[in-house]
Amino acid sequence: DALSDHLISSPDLCGRLVSVAAFGLRFVGHAELLLDPRYQRNQLIFNTCFVFEAGTDASAYTPLVSKLAANLRNLETEHFFLTSPSTRENIQLL
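Sequence order as written defines residue numbering, which begins from 1 separately in each chain. The predicted origin of the model limits local features to residues at a pLDDT of at least 70 and limits the giving and counting of side-chain atom pairs to 80 or more, whereas totals for whole chains, interfaces and linings rest on all residues. Hydrogens and waters are ignored; side-chain quantities use all the structure's heavy atoms.

S.K.: Requested: an account of unusual backbone geometry, with residues and values cited.
M.R.: At Asn42, a position not held by glycine, the phi torsion is positive, near 65°. By the element assignment, Asn42 lies in the loop between β2 (25-35) and β3 (43-53). A relative accessible area of 45% places Asn42 in the partly exposed class. Of note, Phe80 is a non-glycine position whose phi angle comes to about 55°, a positive value. Where helices and strands are cited, they refer to DSSP runs of H or I of at least four residues and of E of at least two residues respectively, numbered from the N terminus. Within the fold, Phe80 resides in the loop between α2 (62-79) and α3 (85-88). Each residue is placed in one exposure class: buried if its accessible area under a 1.4 Å probe, protein chains only, is under 20% of its type's maximum, exposed if it is over 50%, and partly exposed if it falls in between.

S.K.: Now, about the pattern of salt bridges: what can you tell me, with residues and values included?
M.R.: By convention in these notes, a salt bridge is any Lys or Arg side-chain nitrogen within 4 Å of a carboxyl oxygen on Asp or Glu. Within the structure shown, the criterion is met by 3 salt bridges. For Glu32, the salt bridge is made with Arg73, and the minimal N-O distance between the two is 2.8 Å. Pair noted here: Glu32 is in strand β2 and Arg73 is in helix α2, with a separation of 41 residues, a long-range link. For Glu76, the salt bridge identified is with Arg38, shortest N-O distance 3.9 Å. Within this pair, whereas Glu76 is found in helix α2, its partner Arg38 is found in the loop between β2 and β3, the two being separated by 38 residues in sequence. By relative accessible area, which is 0% here, Glu76 ends up buried. Here the salt bridges share partners, and the residues they tie into one network are Asp36, Arg38 and Glu76.

S.K.: Please provide a residue-by-residue account of the environment of Leu17, values included.
M.R.: Structurally, Leu17 can be placed in strand β1 (residues 17-22). Note on Leu17: relative accessible area 38%, which makes it partly exposed. Separated by 32 residues in sequence, Leu17 and Cys49 have C-alpha atoms that sit 9.5 Å apart. A contact between two residues is defined here by any heavy atoms of the two lying within 4.5 Å. In contact with Leu17, other than residues within four places in its own chain, are Val28, Gly29, His30, Thr62, Val65 and Ser66.

S.K.: Any chance you could break down the packing of aromatic side chains for me, citing the residues and the numbers?
M.R.: Only rings of Phe, Tyr and Trp enter the pairing, Trp through its six-membered ring, and a pair is recorded when the two centres are within 6.5 Å. The plane angle decides the type: under 30 degrees is stacked, over 60 is edge-to-face, the rest tilted. Inspection of every chain in the model, using the stated rule, returns 2 aromatic pairs. Relative to Phe52, the ring of Phe50 lies with its centre 6.4 Å away and its plane at 50°, an arrangement referred to as tilted. Looking at Phe50, the relative accessible area reads 22%, which means it is partly exposed. Exposure remark for Phe52: the relative accessible area of 12% places this residue in the buried category. Measuring from centroid to centroid gives 4.9 Å for Phe52 and Tyr61, while their planes differ by 40°, and the two rings are tilted. The rings of Phe50, Phe52 and Tyr61 are connected pair by pair, giving a single aromatic cluster.

As structure tokens, then:
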């Protein structure tokens, strides 16, 4: 449950880089919050998260996680990339 609090983010953690070690792994995530009436509950929260082995120095990847989260935010804001059924299936290809 403690891990899910960080990976399934609350609005309080949005816009921040979070790094958590658990289960022999390191999770580095950056959650984003979009407020818009077109979303259920008028908001969309998503987390861009990379997973590493626990002993990995992930500090070199933290700017990449944040940059990818910002790019996904822009793609959603401008093109509905995360929520549109026609583009949503492509997310797995990233």
